[in-house]
Amino acid sequence: MGFLQLLVVAVLASEHRVAGAAEVFGNSSEDPVPGGCNLEFDLDIDPNIYLEYNFFETTIKFAPANLGYARGVDPPPCDAGTDQDSRWRLQYDVYQYFLPENDLTEEMLLKHLQRMVSVPQVKASALKVVTLTANDKTSVSFSSLPGQGVIYNVIVWDPFLNTSAAYIPAHTYACSFEAGEGSCASLGRVSSKVFFTLFALLGFFICFFGHRFWKTELFFIGFIIMGFFFYILITRLTPIKYDGNLKIFHDDGVFWVTFSCIAILIPVVFMGCLRILNILTCGVIGSYSVVLAIDSYWSTSLSYITLNVLKRALNKDFHRAFTNVPFQTNDFIILAVWGMLAVSGITLQIRRERGRPFFPPHPYKLWKQERERRVTNILDPSYHIPPLRERLYGRLTQIKGLFQKEQPAGERTPLLL
């Protein structure tokens, strides 16, 4: 038995109750020693994973491992060389494990922490996110998921001896259990819930009637676009702060060029049938607003479709974060609701608009036609209505007269009998 590891997990559930679990396991003399080459943290051998988070990202850090060695023997030097006989041959597999959504109990946390302790358990239960070599920084960033429990662990692997060992797992909910409004137990402000509820009602209307009420649809889409860009602009240019994992997309230039191309490609594909494109837009975006409203009451991973794009635009360091999210039972239910609303709204609008003009006439054309009709048709009562400019001037004159004093009419004499 070359290295003995003791895992103690304690969760403070309240001010008066503490729940905990402990597990002891050992490694052979050939297994790597997690944290055996620690130069940054307090312990000489530190197998802990250190975690910090903010609104945008969660970052884990850990100390480099050393090669395995027998009890009573001096450990191999950490920086004696970089050949295959040194710790530089070791590799680190970073794993991520999602707890059940909307469950913040300590019993659930302790139950699932036991699945992230030993190497076989971690490989069987968790998702491997990335593999680091000894030349990489022992630090990995993930997208923060407020209210969602996540457990992280690292397995160090010796490819020469084909042995491995696990670090001590770390977990986070990316939120505070002590804060009042906006805490883990009550994420989201009341104002946000009211806003997204009203937004969902308008989106529901657009989903089923957007193409027919074209001006309302233009307002809805314009509000989304302008709100998106103004939110980014205000956040980037003011001191206000807010608490696909392909490596190629870690480059901001590649990400935004790809994002823009996809956003432009869809309208180009449907350029020949603009009415279908508009109805599809109403159905998909209108129904997605309902998903956002559900997220303000009951957390769902579908909201990160737009939230991760906002985070990428607001935080210059978010490009390095891995954006995995859980997809569990409630997400399947909400996805089904989203799909049902979108398909229903699109089908209803296509059937209703069959045989009608593709789009309502342009407001300027309507105004121009009305103006020509009034000029040519003298029998039209509206023909005798003064122009708008003269009507406004006359109304202003009447209002002005109310504030003028009555002038004397001159000398008055009694009537002579």
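In this text, all values refer to a predicted model and were calculated from it rather than measured experimentally.

Enquirer: Just give me the short version of the state of the cysteines, but keep the residues and values in it.
Expert: Under the counting rule described, the total for this entry stands at 1 disulfide. Note on cysteine connectivity: Cys37 is disulfide-linked to Cys78, with sulfurs 2.0 Å apart. Its torsion about the S-S bond being -95°, the disulfide of Cys37 and Cys78 is classed as left-handed. Note that Cys37 is positioned in the loop between β2 (18-27) and β3 (49-53) and Cys78 in the loop between β4 (57-62) and β5 (91-98), a separation of 41 residues in sequence.

Enquirer: An account of helix α7 (residues 304-314) is requested, with residue identities and associated values reported.
Expert: Burial analysis of α7 places 8 of its 11 residues in the buried class, which makes it a mostly covered element. Among all positions of α7, only Tyr304, Asn308, Val309, Leu310, Lys311, Arg312, Ala313 and Leu314 are buried.

Enquirer: I'd like a description of the packing of aromatic side chains, backed by residues and values.
Expert: Tallying each qualifying case throughout the model produces 12 aromatic pairs. Relative to Tyr50, the ring of Phe41 has its centre 4.1 Å away and its plane inclined at 20°; by these criteria the two rings are stacked. A residue is classified by how much of its surface remains accessible, and Phe41, at 19% relative accessible area, is buried. Taken together, a centroid distance of 5.3 Å and an interplanar angle of 65° make the contact between Phe62 and Tyr167 edge-to-face. Taken as a pair, Phe62 in strand β4 and Tyr167 in the loop between β9 (163-166) and β10 (170-172) lie far apart in primary sequence, 105 residues in all. The exposure class of Phe62 is buried, given its relative accessible area of 1%. The buried category is assigned to Tyr167, whose relative accessible area is 0%. Three or more aromatic residues link up through ring pairs in this structure, and these residues are Phe62, Tyr92 and Tyr167. Between Arg87 and the ring centre of Trp88, over which it is positioned, the NZ or CZ distance is 4.3 Å.

Enquirer: Which residues make up the sheet that holds strand β11 (residues 321-322), and what are the values?
Expert: The strand order β3-β4-β7-β11 describes an open sheet built from 4 strands, whose pairing is mixed. Edge positions in the sheet fall to β3 and β11, since each of these pairs with one other strand and no more.

Enquirer: Mind laying out empty space enclosed by the protein, listing which residues take part and the relevant values?
Expert: The volume enclosed by the largest cavity comes to roughly 40 Å³. Residue classes in the lining of the largest cavity are distributed as 4 nonpolar, 4 polar and 1 charged. A volume near 30 Å³ is recorded for the second largest cavity. For the second largest cavity, the full set of lining residues is Thr58, Ser143, Ser144, Leu145, Gln148, Val150, Tyr152, Thr172, Tyr173 and Ala174. Grouping the constituent residues of the lining of the second largest cavity by class yields 5 nonpolar, 5 polar and no charged.

Calculation criteria
Residues numbered from 1 in each chain as written. Predicted model: local features only at pLDDT ≥ 70, side-chain atom pairs only at ≥ 80, totals over all residues. Heavy atoms only, no water. Disulfide = S-S within 2.5 Å. Helix = DSSP H or I, 4+ residues; strand = E, 2+ residues; numbered from the N terminus. Buried < 20%, exposed > 50% of the residue type's maximum accessible area, 1.4 Å probe, protein only. Phe/Tyr/Trp six-rings, centres within 6.5 Å; stacked < 30°, edge-to-face > 60°. Lys NZ or Arg CZ within 6 Å of the ring centre and 35° of its normal. Pairing = 2+ DSSP bridges. 1 Å grid on protein atoms, 1.4 Å probe; cavity = no way out; pocket = protein on both sides within 12 Å on 5 of 7 lines; lining within 4 Å. Points joined across faces, edges and corners; volume = space filled by probe spheres on them. Nonpolar A, V, L, I, M, F, W, Y, C, P; charged D, E, K, R; others polar.

From the geometry alone we can't say anything about function, so treat these as descriptive.
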